[in-house]
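Close look at the chain arrangement
Listed below are the residues making up each chain.
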Amino acid sequence: MAVNFAVSLDYPVLQMDVDIVFLKNPFPYLKRAAKRRHVLGMIAPRNDDAGFMNTGLMYFRPSKITEILLQSFENLSALKTFGDQELFNILLRHHNMRQCL
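It should be emphasised that the depicted structure is a prediction, and the values quoted were computed from it without experimental measurement. (Residues numbered from 1 in each chain as written. Predicted model: local features only at pLDDT ≥ 70, side-chain atom pairs only at ≥ 80, totals over all residues. Heavy atoms only, no water.)

Looking now at the overall build of the protein chain. Assigned secondary structure in the protein chain consists of 4 helices and 3 strands. Sequence-ordered secondary structure for the protein chain, helices as α and strands as β, is α-β-α-β-β-α-α. Within the protein chain, contacts between residues at least 6 apart in sequence are counted, and of these 63% link residues at least 24 apart. Carbon and sulfur atoms make up 57% of the accessible area of the protein chain, which amounts to about 6,600 Å² in all. (Helix = DSSP H or I, 4+ residues; strand = E, 2+ residues; numbered from the N terminus. Contact = heavy atoms within 4.5 Å. Areas by Shrake-Rupley, 256 points an atom, 1.4 Å probe, with all protein chains shown as cover.)

With that out of the way, let us pick up the side chain of S63. Note that S63 resides in the loop between strand 3 (53-60) and helix 3 (64-77). Ignoring anything within four residues of it in the chain, the contact list for S63 reads V7 and H38.

This next bit is on helix 4 (residues 84-93). Residues spaced three or four apart along an α-helix face the same direction, because each turn holds 3.6 residues. Regarding helix 4, the residues found buried are Q85, L87, F88, N89, L91 and L92. Turning to helix 4, the residues buried within the fold contact strand 2 (39-43), strand 3 and helix 3. (Buried < 20%, exposed > 50% of the residue type's maximum accessible area, 1.4 Å probe, protein only.)

This brings us to unusual backbone geometry. A positive phi angle, close to 75°, is found at D10, a residue other than glycine. Position of D10 among the secondary structure elements: in the loop between helix 1 (2-8) and strand 1 (13-16).

As a further point, take the side chain of N89. Checked against the element boundaries, N89 lands in helix 4. A distance of 2.8 Å separates the side chain of N89 from the backbone oxygen of Q85, its partner in a polar contact. (Polar contact = N/O pair within 3.5 Å; in protein donor to acceptor, adjacent residues only side chain to side chain.)

The subject of this paragraph is the sheet that holds strand 2. Reading across from one edge, 1-3-2 is the order of the 3 strands in this open sheet, with antiparallel pairing throughout. Edge positions in the sheet fall to strand 1 and strand 2, since each has one partner strand and no second. Strand-to-strand twist in this sheet, taken as the mean axis angle between neighbours without regard to direction, amounts to 25°. Across the sheet, helix 4 touches strand 2 and strand 3, and the angle it forms with strand 3 is around 65°. (Pairing = 2+ DSSP bridges. Axes fitted to C-alpha atoms, helices over the stretch in contact; angles between N-to-C directions.)

For the rest of this paragraph, the subject is the packing of aromatic side chains. Enumeration over the complete set of coordinates arrives at 2 aromatic pairs. Judged by centre distance (6.2 Å) and plane angle (75°), the rings of F60 and F88 are edge-to-face. You can see F60 sitting in strand 3 and its partner F88 sitting in helix 4, a full 28 residues away along the chain. The pair F60 / F88 is uniform in exposure class, with both members buried. With centroids separated by 5.7 Å and ring planes inclined at 70°, the aromatic side chains of F73 and F88 adopt a geometry described as edge-to-face. Placement of the pair is F73 in helix 3 and F88 in helix 4, with a sequence separation of 15 residues. As far as burial versus exposure is concerned, F73 and F88 are alike and both buried. Connected via pairs of aromatic rings, a cluster forms that spans F60, F73 and F88. (Phe/Tyr/Trp six-rings, centres within 6.5 Å; stacked < 30°, edge-to-face > 60°.)

Put into structure tokens, the structure is as follows:
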């Protein structure tokens, strides 16, 4: 997974769907907000099985916690029993990962 590799090299990563457009440079805001969080994401307007975090826009600050989260996601995604958004939200709900938010 390229995101995990870039974070492990100490690069912040912005991952987003192709249908998202920014009218201003988002990086000043993301860098400020990420000082308090390891992962920033778009909040989904629901809290069902797909979860509260929409994976269409995510910013990962390089840290050990972020690396563990992404490595867990990469390892579990091989199961192919969940979609990426559902799996990511399952990981975020786990008590050891709540500090990411």
